[in-house]
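Listed below are the residues making up each chain.
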Amino acid sequence: MRLKTLEVKIGDLLLGNFHPIRVQTMTTTDTMDTLATVEQSIRCIEAGAELVRITAPSKKEAENLLNIKNELRRRGYNTPLVADIHFTPNAAEIAARIVEKVRVNPGNYVDKKKFEFIEYTDADYLEEIERIRERFTPLVRICKEYGTAMRIGTNHGSLSDRIMSRYGDTPMGMVESAMEFLRIARSESYHNIVLSMKSSNPQVMVQAYRLLVQSMQQEFNACYPLHLGVTEAGDGEDGRIKSAIGIGTLLEDGIGDTIRVSLTEDPEFEIPVCKDLVKRYEPTSNLQLPTSNITEYRRRTTNIISNIGGKNVPVVVADFMEAKTITPSSLQAIGYTYDELTDKWNIADAAADYIYTANKILDFSLPGTLKVICNYNTWLQAPDKEKYYPLFQGTEFLQSTQRSPVMNFISIDVNNHPPAINDPTAVLCLWSTHEQAMPSVRNYINQLSTQNPVIIAVESHDTTIDEQLIHFSIESGALLLDGMGDGIWLMNDPSKLQNTSVSGRTYLEAKNNHQFINNTSFSILQATRTRISKTEYISCPSCGRTLFDLQETTAKIRSVTNHLKGVKIAIMGCIVNGPGEMADADFGYVGSGPGKITLYKGKDVVKRNVDSAIAVQELINLLKESDAWVES
Ligand code: SF4
């Protein structure tokens, strides 16, 4: 069931109030390059974009939106355009007379962020709100007069000093930032408004949207439509996984009227990912399972069984059920490389913790950190009961006469008469084939009266890589974000999987299916911040302000830093918004002028206007000086 929201009109497009979830993207061309922007917009529209956003950093770009719009209309494209505004009310007031929607960021529409902590008295605070009212009201009146819609789009990374001083860098601060602007717009009886609460951290983003819905309902007894997105999600699989977890978790609960998947790729490649996400919710199900209103992360309390549960990071189970044989070299795909010369295993950071072999007993010695799960009857024959643990099918556990004294895995279909298990050695492997699988599993976990650890088991029957990534990310990520899950067990049928994704990537050519599943498992844990096993990249999707080739630079930085486990590196296209939007990154690589890069450590500038030819090396030097570097 979708959340009821008010209806908003953007040109001829209706949004909210149960209209289909609209998909949108943003151009990356220079807004002054009319032809390039028109042509890129057309590629996005042809791919299925229902709204196209274009940056308008200053008055001249805002004015050029007219040329872009006219050319698009001349070529027969009536898709509504959105002007993206930061810092420049003058540009917003021009754009609002031209395009169908303007997006403002309450963190920088009136305030210039100085990263200062200022103590605000109530009177100071009210004075600031009055200042905002004076500066923002003219735009509201223009939008009202011209029938232009508006998005009040808060970004986690660019909250004003005022909000930061009172609420900190929190989901509640994000909500209040938007609510201040929303109240002003409402006081002018202007309601053609969409809101967003973006963050590069899906946990923060999901909590902020839930809080915003609660706040709007409490204060106005109504909800304005919501635009969902994870900012600076990055590229490739990681970008898709982060976006799917953030956006999908909310769509699962009926929250969201329009989505944008921000990838550091050409914008037309975002649209198929949006469509894959949205189609899961059409037609909308009428099933009424409880939704989640968790607005603060707290991990479910569970017993510790071996290395599962309690405060242990969630474990990864590699599924080798279908493998005909398993040899030492098979384990390379899941992070273990056997060196015959030294007779030693090299273990990667993203190495699975368990391997499920179904009915197979292995004829070689396993690495010390890898244990085996096998079917109960096979386990009875297993030679080493400290390495092998049984998997029972539902009630088989209750009827069994022999069990592991340490750890027993029990496979449970939560929708099919799940057995009541009350045994301190039981690890519950939960799955569902129900139409609403994630809410069914969540509901089951919420009703558990025991503290047995839970492994989230998800199977995908999707036929493309992007659909599988989305399926795995939502079904497991939504639970992990809410603190549920002590492990993850992903399965697919590789024979059904087409080799290419919509953006033309041929993932399986280079990596086998076990590696794909293993990487996906670790990426989901990383995106939900439940287990950090690799470097984290926060890269902006680029836009007309971008000062260097973001895709190429991101790839270059990745290739030299991808062994720095846990380090967060932001790669941002411009100095205007980049520093504010890189949120909680440890280091920042930010375009500060043509051919110039400014390097940041946290929020502090460390090296200004470095020549871009040597900037990556300077970043490495900075990582070394900061003790964040290790040799690969
Ligand atoms: S940070 Fe990136 S996407 Fe954001 S305004 Fe700058 S260049 Fe554009």
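Residue numbers here run from 1 along each chain, matching the order of that chain's written sequence. A pLDDT threshold of at least 70 governs which residues receive local features in this predicted model, and a stricter bar of 80 or more applies before side-chain atom pairs are shown or counted, although totals over entire chains, interfaces and linings include all residues. Calculation of side-chain values draws on the structure's entire complement of heavy atoms; hydrogens and water are dropped beforehand.

(A) Representation of the state of the cysteines. Note that a disulfide, as used here, is simply two cysteine sulfur atoms within 2.5 Å. One pass over the full model with this rule turns up 0 disulfides. Sulfur of Cys274: no disulfide; nearest cysteine sulfur belongs to Cys44 and is 10 Å away. Exposed residues in this analysis have more than 50% of their type's maximum accessible area, buried residues have under 20%, and partly exposed residues fall in between, with area computed by a 1.4 Å probe over protein chains only. When its relative accessible area of 0% is taken as the criterion, Cys274 is described as buried. Here Cys429 is not cross-linked by a disulfide; its sulfur's nearest cysteine counterpart is in Cys374, at 13 Å. For Cys429, a relative accessible area of 2% puts it in the buried group.

(B) Highlighting the site of the ligand. Taken together, the neighbourhood of the ligand is formed by Cys540, Ser542, Cys543, Arg545, Thr546, Gly573, Cys574, Asn577 and Gly578. Of the two site types, the cavity is a set of points on a 1 Å grid over the protein atoms alone where a 1.4 Å probe fits but cannot get out, and the pocket is an open set with protein on both sides within 12 Å along at least five of seven lines, each lined by residues with an atom within 4 Å of a point. Assignment of a molecule to a cavity or pocket requires that more than half of its atoms lie within 2 Å of the corresponding grid points. Spatially, the ligand is embedded in the largest cavity. Of the residues assigned to the shell around the ligand, the class counts are 3 nonpolar, 5 polar and 1 charged. Here a residue is near a molecule or strand as soon as one of its heavy atoms is found within 4 Å of it. Residue type decides the class: Asp, Glu, Lys and Arg count as charged, Ala, Val, Leu, Ile, Met, Phe, Trp, Tyr, Cys and Pro as nonpolar, and the leftover types, Gly among them, as polar.

(C) The arrangement of the pairing of strand β25 (residues 604-611) in detail. Two strands are counted as paired when DSSP detects at least two bridges linking them. Here a strand is any run of E in DSSP of at least two residues, a helix any run of H or I of at least four, and the numbering for each starts at the N terminus. In this sheet, β25 lies alongside strand β24 (residues 596-601) in antiparallel orientation, the contact comprising 5 bridges. Bridging across to β25, Tyr600 finds its partner in Val605. Counted between consecutive antiparallel strands, the loop separating β24 from β25 contains 2 residues, among which Gly602 sits at a positive phi close to 60 degrees.

(D) Spotlight on the packing of helix α9 (residues 270-279) against helix α13 (residues 465-481). For every element, the axis is a line fit to its C-alpha atoms; helices are fit only across the contacting stretch, and the angle between N-to-C directions ranges from 0 to 180 degrees. The geometry of α9 relative to α13 is characterised by a closest axis approach of 10 Å and an angle of 50 degrees between their N-to-C directions. With respect to α13, the element α9 is oriented oblique. Between α9 and α13 lies a crossing of right-handed hand. In this structure, α9 contributes Val273, Asp276, Leu277 and Lys279 to the contact, and α13 contributes Asp466, Glu467, Ile470 and Ile474. Orientation labels follow simple angle bins: below 35 degrees gives roughly parallel, above 145 gives roughly antiparallel, 65 to 115 gives roughly perpendicular, and whatever is left gives oblique. What makes a crossing left-handed is the near helix being turned counterclockwise from the far one by less than a right angle; a clockwise turn instead makes it right-handed. Whether two residues are in contact is decided by their heavy atoms: any pair within 4.5 Å suffices.

(E) Representation of the packing of aromatic side chains. Two aromatic rings from Phe, Tyr or Trp, using only the six-membered ring of Trp, form a pair when their centres are within 6.5 Å; if the ring planes differ by under 30 degrees the pair is stacked, by over 60 it is edge-to-face, and anything between is tilted. Within the structure shown, the criterion is met by 12 aromatic pairs. Between Tyr338 and Trp345 the ring centres are 5.1 Å apart and the planes differ by 50 degrees, which places this aromatic pair in the tilted class. Ring centres 6.4 Å apart and planes at 20 degrees place the aromatic pair Tyr376 and Trp379 in the stacked group. One end of the pair is Tyr376 and the other is Trp379, both in helix α10 (residues 376-381) and 3 residues apart, which spans about a single turn. Every member of this aromatic cluster is reached through a ring pair, and the members are Tyr376, Trp379, Phe392 and Phe397.

(F) Layout of the environment of Gln218. By the element assignment, Gln218 lies in helix α7 (residues 202-220). Residue class for Gln218 comes out exposed when judged on its relative accessible area of 69%. Placed 110 residues apart in sequence, Gln218 and Asn108 show a C-alpha to C-alpha distance of 26 Å.

(G) Spotlight on the nonpolar core. Residues belong to a common nonpolar core when they are buried Ala, Val, Leu, Ile, Met, Phe, Trp, Tyr or Cys residues joined through side-chain atoms within 4.5 Å. Formed by 143 residues in total, the largest nonpolar core has its most connected members in Phe136, Leu139, Met150, Leu195, Met216, Ile259 and Leu331. The biggest single contributor to this core is α7, with 10 residues. Setting aside its immediate chain neighbours within four residues, Ile259 contacts Ile21, Arg22, Val23, Gln24, Leu228, Ile247, Leu251, Cys274, Leu277 and Val278.

(H) A look at empty space enclosed by the protein. Grid points are joined across faces, edges and corners, and a volume is the space filled by probe spheres set on the points. Inspection of the entire model under this criterion finds 3 cavities of 30 Å³ or more. Counted as a void, the largest cavity has a volume near 310 Å³. Taken together, 23 residues make up the lining of the largest cavity; nearest its centre are His86, Glu232, Cys540, Pro541 and Glu581. Class assignment for the residues of the lining of the largest cavity results in 6 nonpolar, 9 polar and 8 charged. Empty space within the second largest cavity amounts to approximately 140 Å³. Along the wall of the second largest cavity there are 13 residues; nearest its centre are Asp238, Lys242, Gln526, Glu536 and Tyr537. At the level of secondary structure, the elements contributing two or more residues to the lining of the second largest cavity comprise α8 (236-252), α15 (513-527) and β21 (536-539). For the lining of the second largest cavity, the class distribution of residues is 4 nonpolar, 4 polar and 5 charged.

(I) Spotlight on the packing of α8 against α15. As a packed pair, α8 and α15 sit with axes 9 Å apart at the nearest point and diverge in direction by 55 degrees. Taken together, the axis directions place α8 and α15 in an arrangement best described as oblique. Classified by chirality, the crossing of α15 by α8 is right-handed. On the side of α8, the interface is formed by Asp238, Ile241, Lys242 and Ile245, while α15 contributes Thr520, Ser523, Ile524 and Ala527. Classifying every residue of the contact of α8 with α15 by side-chain character gives 4 nonpolar, 2 polar and 2 charged.

(J) Main features of α9. Burial runs high along α9: 8 of the 10 residues are buried. Each element contacted by the buried residues of α9 is listed here: β3 (22-26), α1 (34-47), α8, β10 (258-259) and α13.

(K) Spotlight on the sheet that holds β25. The 5 strands lie next to each other as β21-β22-β23-β24-β25, forming an open sheet whose pairing is mixed. Only two strands of the sheet have a single partner each, and these edge strands are β21 and β25. Strand-to-strand, the axes of this sheet are offset by a mean angle of 20 degrees, without reference to chain direction. One ladder, built from 4 bridges, connects β21 with strand β22 (residues 568-572); its direction is parallel. Following the sheet pairing, Ser539 is matched in β22 by Ile571. On top of the sheet, helix α16 (residues 550-561) reaches β21, β22 and β23 (587-593); it is set at about 160 degrees to β22, its chief contact.

(L) Geometry of the pairing of strand β20 (residues 487-492). Buried residues dominate β20, accounting for 6 of its 6 residues. Along β20, one buried face is formed by Gly487, Trp489 and Met491 and the opposite face, lined by Ile488, Leu490 and Asn492, is buried too. Here strand β11 (residues 315-319) runs beside β20; their pairing, made up of 3 bridges, is parallel. Bridge pairing in β20 links Val317 to Trp489.

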